[in-house]
2 protein chains.
Amino acid sequence: MPETAREIHLLRYPDGVPTPDDFSIVDVPVLKPLDGEVLVENTWMSVDPYMRGRMSPRKSYVPPFSLNAALEGHAIGRVISSRDPRFTEGDLVTSMTGWRSHALLERDYLHSLPDAPDIPAQAFLGPLGMPGMTAWIGLNKIAQCQPGETVFVSAAAGAVGSVVCQLAKAKGCRVIGSTGDPEKADWLKNTIGIDAVINYRDTSDLSAALADAAPNGVDVYYENVGGAHLEAALDNININGRIAVCGMISVYNNREKATGPRNLFRLTAQRARMEGFIVTDHWATYPEFVREGIELVRSGALTWRETVYEGLEKAPDAFIGLFDGKNTGKMLVKLAE
Amino acid sequence: MPETAREIHLLRYPDGVPTPDDFSIVDVPVLKPLDGEVLVENTWMSVDPYMRGRMSPRKSYVPPFSLNAALEGHAIGRVISSRDPRFTEGDLVTSMTGWRSHALLERDYLHSLPDAPDIPAQAFLGPLGMPGMTAWIGLNKIAQCQPGETVFVSAAAGAVGSVVCQLAKAKGCRVIGSTGDPEKADWLKNTIGIDAVINYRDTSDLSAALADAAPNGVDVYYENVGGAHLEAALDNININGRIAVCGMISVYNNREKATGPRNLFRLTAQRARMEGFIVTDHWATYPEFVREGIELVRSGALTWRETVYEGLEKAPDAFIGLFDGKNTGKMLVKLAE
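Read on for a plain summary of the structure. From a predicted model like this one, the values you see are computed outputs, not experimental measurements.

1. Some points on the sheet that holds strand E9 (residues 174-179) of chain A
As a general point, the strands of a sheet are linked pairwise by backbone hydrogen bonds and lie either parallel or antiparallel.
Phase 1 of the analysis: Pairing within the open sheet is mixed, and its 12 strands lie in the order E10(A)-E9(A)-E8(A)-E11(A)-E12(A)-E13(A)-E13(B)-E12(B)-E11(B)-E8(B)-E9(B)-E10(B). The open sheet terminates on both sides in strands that have one partner only, identified here as strand E10 (196-199) of chain A together with strand E10 (196-199) of chain B. On average, adjacent strands in this sheet sit at an angle of 15 degrees to one another, irrespective of strand direction.
Phase 2 of the analysis: Bridging between strand E12 (residues 237-245) of chain A and strand E13 (residues 273-276) of chain A involves four bridges; their strand directions are parallel. Note that in E13(A) the partner of A:Ile243 across the bridge is A:Met274.
Phase 3 of the analysis: Of the strands in this sheet, strand E8 (150-153), strand E9 (174-179) and strand E11 (218-223) of chain B touch helix H3 (residues 161-170) of chain B, which is tilted by about 170 degrees from E8(B).

This is the structure in structure tokens:
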């Protein structure tokens, strides 16, 4: 058992896009587990856009991160010492104690990794973890997507968007994805095999580009971006269309509140529904999702890419890189073998 | 049977707020009913904000009105000559052939007035007609409002809003209404008996005013207005809140598209739902609504006010007055005794 662990702390709430100076790395002693506790060495941690919402003193749907304390997030680790009979040294586990090398946990905060040794563990932070579950809930439960429908996905090459695209293809939908990068566009079209890709940086009229790609209109819009993407989706939404509002990354770092879509009245004209959701509200259905997801991975219908930063000290750069398109697929930090 | 009928025609699509010059009054011959046809003399016609949407060449959820032809809208009339055995001279009927003194109709376009001689016929153009049905569908079917919830209603003294307020009170909700007129505020508070009224002209911060009036937040927002009202509702919406989007009168006459709410991401943070609807999609349930509505009128739980313009030639002024707050309650035009 090591004597020292390392943690990433938040020093201050970022103003606009976070910078490295907003974070610090701190050495702390490793405590021995007491009865009922388990000591975990983290091997992988996740950085996700939603974390930006917690780096603000404003109350949001999750409480703000505390300053001068370890940040939190999904992580995978290995039990290195256990005083809980259900966990043994060497067990692979998931927890919410990312952003640190070691964590002392009680059973309520610790879960065994699903039993699928043929699948890389870090997939359970990505397509088979929170981002994948977010895709699955938004598409199926919130948007109630049906086979044969046309689905538009923004940030389609991202950790959530790429799973939405593949789940929708697997259920027989026509899928249109948007990205701002030609290489990601190529991957979406040729590897993932969606029906049309829009590179939003190549068009001055996203609404017209979407109309071209979806001549029969859009039944489901999976919203990750906000702004012009939402306007384009509303312009093209079909009667009884659904918009699942997962995120609006275009507005997260704004200092001023961004103005909303100018065509929101399309909701009435098209009898359309726009609904926000938080994946944690639906966590009870995670086992159902992960069973389906593991099958899709094994059949080849669900694939992914990942960008890995090595070492805990790189976690702030990995997080900041999310807002700058530095990731290809799921952004991960590898903390140990 | 008269020889001449009169009709209001639309001469051109208005640019911004309609003006009297956009309309003309035209004399036309009255035709004799052929087999299966019924000649109706209209006694009342309705003017409603939604008609503005049809006075535009753009395709909307209803087709544009034709230029140089009689406008259309809900009307009540009396059969003066019938070649359909189901209708007899003197029968009171409803149709969509407003904006004209007489109309020749086939049975599919003609309905008997519900049998409630104790209730003034024109109520079936207002609280017991399309506006009342719009209130009932939006509150119950779209927003799925439950007893005990807090309901915020914009344009609360209007033809739709005032029915929403009373239906919500009748089901045991806490009701907050907004209006821009002190006299209407007084009527809402003291005659209708809602729990709180906000005069939006008296406050520079509608969101704070709503927070004061709804200290436990808003479960249901019945949207008639758009703009600052929608932002205030989103700021105060509770978790799992619902927004029924009936209309956005603040944007109907805009030449430029109005910007949307700056806080739309509240839908995600609050897991809230925003849904548009068109009352005609739900018309099959009109008999259910009208049974319930007639009972509420008879019990005194549903009351209304009306503003009556006399004579077909006043119909354009009545319509234009809708956008200028000239009406108190339902705006009607009386065409004949």
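2. Here's the deal with the pattern of salt bridges
Phase 1 of the analysis: A complete count under the given rule lists 32 salt bridges over all chains for this structure.
Phase 2 of the analysis: Notably, a salt bridge pairs A:Arg6 with A:Asp27, separated by 3.1 Å at the nearest N-O pair. Of this pair, A:Arg6 sits in strand E1 (residues 4-10) while A:Asp27 sits in strand E2 (residues 23-29), and the two are 21 residues apart along the sequence.
Phase 3 of the analysis: In this structure, B:Glu183 engages B:Arg305 in a salt bridge whose closest nitrogen and oxygen atoms are separated by 2.8 Å.

3. Regarding empty space enclosed by the protein
Phase 1 of the analysis: Counted according to the given criterion, the structure contains two cavities of 30 Å³ or more.
Phase 2 of the analysis: The volume enclosed by the largest cavity comes to roughly 50 Å³.
Phase 3 of the analysis: Every residue along the wall of the largest cavity is listed here: B:Pro127, B:Ala159, B:Ser162, B:Val163, B:Trp187, B:Trp304, B:Arg305, B:Gly329 and B:Lys330.
Phase 4 of the analysis: A domain-level breakdown of the lining of the largest cavity finds at least three residues from each of domain 1 (4-126 + 305-334) and domain 2 (130-280) of chain B.
Phase 5 of the analysis: In this structure, the second largest cavity occupies an estimated 40 Å³ of space.
Phase 6 of the analysis: Every residue lining the second largest cavity is listed: A:Gly126, A:Pro127, A:Ala159, A:Ser162, A:Val163, A:Trp304, A:Arg305, A:Gly329 and A:Lys330.

4. Considerations on the interface of chain B and chain A
Phase 1 of the analysis: In this complex, chain B contributes 28 residues to the contact, which on the side of chain A involves 28 residues.
Phase 2 of the analysis: Both sides together, the interface formed by chain B and chain A hides about 2500 Å², and carbon and sulfur atoms give 64% of it.
Phase 3 of the analysis: Taken together, the links from chain B to chain A amount to two salt bridges.
Phase 4 of the analysis: Residues A:Arg271 and B:Asp281 are paired through a salt bridge, measuring 2.6 Å at the closest nitrogen-oxygen approach.
Phase 5 of the analysis: Joining chain B to chain A, the criterion identifies 10 residue pairs in polar contact (both at pLDDT 80 or more).
Phase 6 of the analysis: Of all elements in the fold, only helix H6 (228-236), helix H7 (266-269) and strand E13 (273-276) of chain B reach the threshold of two or more residues within the side of chain B that touches chain A.
Phase 7 of the analysis: For the side of chain B that touches chain A, the leading source of residues is E13(B), giving four residues.
Phase 8 of the analysis: In terms of residue class, the side of chain B that touches chain A is made up of 16 nonpolar, five polar and seven charged.
Phase 9 of the analysis: Bridging between E13(A) and E13(B) involves three bridges; their strand directions are antiparallel. Following the sheet pairing, A:Arg273 is matched in E13(B) by B:Glu275.

5. Here we look at the relation of the copies chain B and chain A
Phase 1 of the analysis: For these two chains of identical sequence, chain B goes onto chain A by a turn of 180 degrees and a shift of 0.0 Å along the axis, with RMSD 0.0 Å. Such a turn and shift between the copies fits a two-fold axis. Distance from the rotation axis, computed per C-alpha, reaches its smallest value in chain B at B:Gly260: 1.9 Å.

6. Describing the pairing of strand E14 (residues 306-310) of chain B
Looking along a regular strand, one sees side chains alternate from face to face of the sheet.
Residues and elements named next belong to chain B.
Phase 1 of the analysis: Judged by which residues are buried, E14 turns out to be one-sided: Thr307 and Tyr309 face inward and are buried, whereas Glu306, Val308 and Glu310, on the alternate face, are not.
Phase 2 of the analysis: With five bridges joining them, E14 and strand E15 (residues 330-334) adopt parallel strand pairing. The residue of E15 that forms the bridge with glutamate 306 is lysine 330.
Phase 3 of the analysis: The parallel pair E14 and E15 is bridged by helix H9 (residues 315-321), and the resulting crossover is right-handed.

Rules used in this analysis
- Residues numbered from 1 in each chain as written.
- Chains lettered and ligands numbered in written order.
- Predicted model: local features only at pLDDT ≥ 70, side-chain atom pairs only at ≥ 80, totals over all residues.
- Heavy atoms only, no water.
- Pairing = 2+ DSSP bridges.
- Helix = DSSP H or I, 4+ residues; strand = E, 2+ residues; numbered from the N terminus.
- Axes fitted to C-alpha atoms, helices over the stretch in contact; angles between N-to-C directions.
- Contact = heavy atoms within 4.5 Å.
- Salt bridge = Lys/Arg side-chain N within 4 Å of Asp/Glu carboxyl O.
- 1 Å grid on protein atoms, 1.4 Å probe; cavity = no way out; pocket = protein on both sides within 12 Å on 5 of 7 lines; lining within 4 Å.
- Points joined across faces, edges and corners; volume = space filled by probe spheres on them.
- Domains from an automatic or database assignment.
- Buried area = accessible area lost by both parts, 1.4 Å probe.
- Polar contact = N/O pair within 3.5 Å; in protein donor to acceptor, adjacent residues only side chain to side chain.
- Nonpolar A, V, L, I, M, F, W, Y, C, P; charged D, E, K, R; others polar.
- Least-squares fit on C-alpha atoms with pLDDT ≥ 70 in both.
- Buried < 20%, exposed > 50% of the residue type's maximum accessible area, 1.4 Å probe, protein only.
- Right-handed = clockwise from strand over helix to strand, strands pointing away.

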